[in-house]
Amino acid sequence: MSARNKPELLAPAGSMESLKAAVNNGCDAVYLGGKLFSARQYAGNFSLEELEEACDYCHVRGVHVYVTVNTLYKDKELKEFIDFIGKLYKMGVDALILQDSGAVKLLQENYPEFPLHASTQMTVNSLEDVRYWESLGFSKIVLSRELSLEEIQEITAQSQAEIETFVHGALCVSYSGQCIMSSILGGRSGNRGKCAQTCRLPYTLYKGADKLQEGYLLSPKDIQTVTILPQLIEAGITSFKIEGRMKNPEYVAGVTAIYRKYIDLYFENPAQYEVSSEDMKTLTQLFNRGGFTEGYYTSAGGKDMMSIERPKTWGLKIGFVDDYIPKYKRLTIRTRESLVPGDGIEVWTTTGPHVGSNISKASRAGEVVSLSMVGEIQKNNAVYRTYDKALNDALRKTWEKDTRKKPVLGLLKAKKGQPLALQLWDMSGSNIYVTGEIVEQAEDRPTSLEKLKQQTEKMGATPFVLQNLEMDVDDDIFVSIRGLNELRRMAVEALEEAILKKSKRQDLQACEKEEKGKKENLLQKKLNVLVTDFLQLEAVVRTKGVRVIYFEASADMERNLPSALELCRRFGVSLYVALPKISRQWRKDIEDALLERLKNTAIDGFLVRSAGQFAMVKDSGKKITVDYTLNVMNEEGVAFWKQQGADEVCLSVEANLQEINVMGDKDCEMVVYGYLPLMKTQQCPIGNYAGGKEGHFYCSEKNNTELYFLRDRMGMKFPLMTDCERCVCTVLNSKPLFTLKFYDEILESVTGSVRLEFTKEGTGRAARITKAYAEMTQDPKKISTETRNLLEEMREKGNTKGHFFRGVE
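Right, let's walk through the structure included here.

Thresholds, definitions, all that
- Residues numbered from 1 in each chain as written.
- Predicted model: local features only at pLDDT ≥ 70, side-chain atom pairs only at ≥ 80, totals over all residues.
- Heavy atoms only, no water.
- Salt bridge = Lys/Arg side-chain N within 4 Å of Asp/Glu carboxyl O.
- Buried < 20%, exposed > 50% of the residue type's maximum accessible area, 1.4 Å probe, protein only.
- Helix = DSSP H or I, 4+ residues; strand = E, 2+ residues; numbered from the N terminus.
- Arc of directions from axis to C-beta.
- Contact = heavy atoms within 4.5 Å.
- Core = buried A, V, L, I, M, F, W, Y, C linked by side-chain atoms within 4.5 Å.
- Pairing = 2+ DSSP bridges.
- Right-handed = clockwise from strand over helix to strand, strands pointing away.
- Axes fitted to C-alpha atoms, helices over the stretch in contact; angles between N-to-C directions.
- Disulfide = S-S within 2.5 Å.

## Comments concerning the pattern of salt bridges
Then, number 1: According to the stated counting rule, one finds 63 salt bridges in the structure shown.
Then, number 2: A salt bridge links Glu 243 to Lys 247, with the shortest nitrogen-to-oxygen separation between them at 2.9 Å.
Then, number 3: Among the residues examined, Glu 243 registers a relative accessible area of 13% and is labelled buried.
Then, number 4: The class of Lys 247 is buried, set by a relative accessible area of 15%.
Then, number 5: Between Glu 792 and Arg 795 there is a salt bridge, with the nearest N and O atoms lying 2.5 Å from each other.

## Looking at helix H12 (residues 449–456)
Then, number 1: Of the positions making up H12, those classed as buried are Leu 452, Gln 455 and Thr 456. Down the axis of H12, the smallest arc covering the buried residues is 95 degrees, so these residues share one side.
Then, number 2: Considering only its buried residues, H12 is in contact with strand E19 (406–414), strand E20 (419–425), strand E23 (464–473), strand E24 (477–478) and helix H13 (481–503).

## Quick notes on the environment of Glu 538
Then, number 1: With respect to the secondary-structure elements, Glu 538 resides in helix H14 (residues 534–540).
Then, number 2: Assessed through its relative accessible area of 29%, Glu 538 is described here as partly exposed.
Then, number 3: Sequence spacing of Glu 538 and Gly 764 is 226 residues, and the spatial spacing of their C-alpha atoms is 11 Å.

## Examining the nonpolar core
Then, number 1: Within the largest apolar cluster, 192 residues are counted, with the highest numbers of intra-cluster contacts made by Leu 19, Trp 133 and Trp 641.
Then, number 2: Top element by residues in this core is helix H9 (residues 249–268). It accounts for ten residues.
Then, number 3: Every residue in contact with Trp 641, bar those within four places of it in the chain, is listed here: Ser 101, Tyr 132, Trp 133, Ala 611, Phe 614, Val 626, Leu 630, Val 632, Ala 646 and Val 649.
Then, number 4: Counting 24 residues, the second-largest nonpolar core is a separate cluster that includes Val 60, Leu 412, Ala 414 and Leu 420.

## Examining the pairing of strand E27 (residues 574–578)
Then, number 1: The buried count for E27 comes to four of five residues, which makes it a mostly enclosed element.
Then, number 2: Inspection of the sheet shows strand E26 (residues 546–552) paired to E27 by five bridges, in the parallel sense. Bridge pairing links Phe 551 to Val 577 in E27.
Then, number 3: The β-α-β motif built from E26, the intervening helix H15 (residues 555–570) and the parallel element E27 has right-handed crossover chirality.

## A short note on the sheet that holds strand E21 (residues 431–438)
Then, number 1: An order of E21-E20-E19-E23 is seen for the four strands of this open sheet, with the pairing classed as mixed. Each edge of the open sheet carries a strand with a single partner, namely E21 and E23. This sheet shows a mean twist of 20 degrees between the axes of neighbouring strands, independent of strand direction.
Then, number 2: In terms of strand pairing, E20 meets E21 through six bridges, oriented antiparallel. By the bridge assignment, Gln 423 is partnered in E21 with Tyr 433.
Then, number 3: The strands that H12 touches are E19, E20 and E23; relative to E23, the one it contacts most, it runs at about 150 degrees.
Then, number 4: In the packing of H13 onto the sheet, the strands contacted are E19, E20, E21 and E23, and the crossing angle to E21 comes to about 160 degrees.

## Describing the state of the cysteines
What we call a disulfide is simply a covalent bond connecting the sulfur atoms of a pair of cysteines.
Then, number 1: Counted according to the given criterion, the structure contains zero disulfides.
Then, number 2: The thiol of Cys 55 is unpaired, and the distance to the nearest cysteine sulfur, on Cys 58, comes to 7.1 Å.
Then, number 3: With a relative accessible area of 1%, Cys 55 lands in the buried category.
Then, number 4: Residue Cys 668 stays outside any disulfide, its sulfur separated by 8.9 Å from that of Cys 650, the closest cysteine.

In structure tokens form, the structure reads like this:
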């Protein structure tokens with residue numbers, strides 16, 4: 001037996017049918033979303049009535065319900081959001097899964113007793129991140145999928161919060177919460193539950209003019225971890241989460257059942273732990289993208305984790321084409337799996353689209369199957385079963401009759417001259433006692449003890465199973481079967497009512513949000529500039545009007561920090577260090593040492609990208625700007641970070657000007673120029689397809705400064721920026737955000753600062769852009785010839801307005 005507690009098995013529920021599939025196949029908890037405010041807006045999701053029905057269904061069976069409200073909220077949505085939370089609180093939802101810091105603030109003010117779980121959208125990568133959210137009352141933290149087993153072990157050993165990780169299903173190629181690709185390219189924000197999965201489209205990797213690799217380069221395979229469940233359990237993970245709110249009920253049923261089986265198996269007999277090939281086939285059949293990997297638990301990323309050939313489900317390989325006669329459209333297949341009528345198969349042709357067909361005749365493994373099919377089919381093409389009728393039929397039966405029963409205990413009292421009585425109770429403290437008809441002396445044929453026990457234990461279609469029944473019964477009594485059945489029915493109803501009453505909460509009145517007066521438009525903005533290297537800093541620091549320079553933390557920054565400080569002092573510019581976009585536990589000692597050195601320098605402040613970083617510099621005595629990577633999308637989020645101690649907050653790049661003017665104030669900043677980072681990924685395309693990265697950190701292209709980019713189907717080129725110290729790649733937008741053509745509207749906003757972000761720009765270009773923005777920040781009506789030339793050049797080369805006018809759905 002393991003010394004660890006058995007981890008919670010948490011299953012997805014995108015519909016009521018999926019919820020029942022999860023519950024009846026052994027989950028301990030489900031996570032689901034409402035029609036509003038869910039990170040999977042394209043799942044079925046639940047109305048308020050369905051949410052209450054789901055809660056009651058689960059609670060009566062001893063299953064917890066967590067509701068996902070893990071999106072970013074606009075100010076105009078906050079009243080409806082908090083009203084929605086009030087209804088969830090009253091109906092007895094066990095916990096909320098959150099991302100938005102403004103929502104955190106509102107919940108702490110209005111529903112302080114509501115348990116909170118930190119979503120993977122919060123990009124929790126380190127012990128410091130965990131401790132920060134734990135200190136603010138989060139009871140469970142969902143870690144980023146990118147963390148290794150070793151990192152997780154370090155975190156669980158040093159924190160009190162429960163740690164949850166994904167154990168099966170789809171992987172996002174980006175660090176969750178750090179992807180705006182779908183948002184920028186199509187206006188559908190993943191941070192608001194409407195991801196269009198642009199990462200699952202085909203791309204081509206180029207190095208300069210050289211084409212290196214094409215295919216679905218950003219599409220990871222799904223993960224499975226039944227093969228390493230013992231290691232996950234011993235790592236101290238307390239909740240095993242299955243991905244799949246948009247998957248069908250059969251998937252939910254099958255995956256939940258298999259993980260339930262192997263969690264229980266390990267705790268019953270760890271020495272006998274072994275995963276059967278049949279169960280692996282079932283998982284593969286239910287959904288896979290070219291097989292599975294064990295995710296980042298055992299790998300730092302690499303080409304083998306990617307599904308380059310196809311981004312959708314493949315099915316199970318069941319054979320190969322033995323022969324195809326185009327003239328007669330006749331196909332023969334050498335099978336290695338049994339097939340039944342109703343199965344769906346697909347032939348993977350070398351050229352042209354894959355072709356599929358339904359099976360009409362049963363066959364055994366090893367037999368040759370003949371059927372009619374049209375397509376570019378060739379001998380030895382692989383054949384996959386994409387629909388397994390027998391498997392799906394069997395899985396449907398697991399939830400159609402509600403087989404999940406909650407064990408209860410009972411006491412039946414049958415005393416002459418007294419009311420027949422039945423007491424039922426569960427192991428969670430719910431206890432009821434009901435009485436029925438008067439027990440009579442038997443005149444001829446007494447009711448036997450066995451009959452009383454047999455009838456009382458008949459729980460039938462109820463959600464209970466009577467695990468043990470005590471009997472306190474006189475001899476020679478008569479109890480009518482009808483009366484006993486009625487008593488049992490009353491007892492079951494009373495117990496169900498008692499369990500549900502215990503799970504409900506008293507209604508709390510949310511505080512009315514006080515109306516704030518009109519905010520002042522600040523025509524005079526501070527101009528801040530983010531630079532990637534010292535050469536860029538040298539190029540922009542001399543520009544009159546620059547107030548703050550953020551210098552990206554890197555070896556280049558440390559090497560040149562004394563010179564950077566001297567330059568900034570000479571030109572009256574404040575110098576902040578921009579902390580790493582991704583701070584991982586595996587680099588904790590290195591990053592901690594860097595921070596301590598920086599605290600002891602003369603820099604003016606920090607640009608922080610994570611909650612853990614914020615905690616570590618909060619008491620440094622230096623200024624702190626919270627970056628847009630922390631996804632501040634509403635006024636409450638601004639207030640949250642200012643209450644925590646931030647001096648300035650950079651607002652989300654997904655907000656439009658109208659939304660910025662509602663949430664912002666003089667202590668806020670917005671990005672007005674730059675190649676916006678579409679995503680940050682551990683799956684660096686350069687390392688995967690050019691650098692020979694195979695499961696380890698770093699590759700042969702480490703620190704290569706040549707231009708790499710991805711090209712999409714439309715011919716758009718997305719530059720790749722690498723942080724090779726941390727083995728993280730940023731995919732930049734193909735066009736820069738450029739706002740000078742509508743800069744008067746920017747200057748009329750309420751924010752106190754604007755920011756330019758330089759990534760791949762050369763020194764000359766960085767200097768020109770900074771000078772133009774500085775000029776127009778001082779006086780937007782006074783446009784120099786040089787600035788007019790830049791405007792024309794940007795018009796010809798192409799740029800984007802970002803979300804300043806359209807915003808996101």
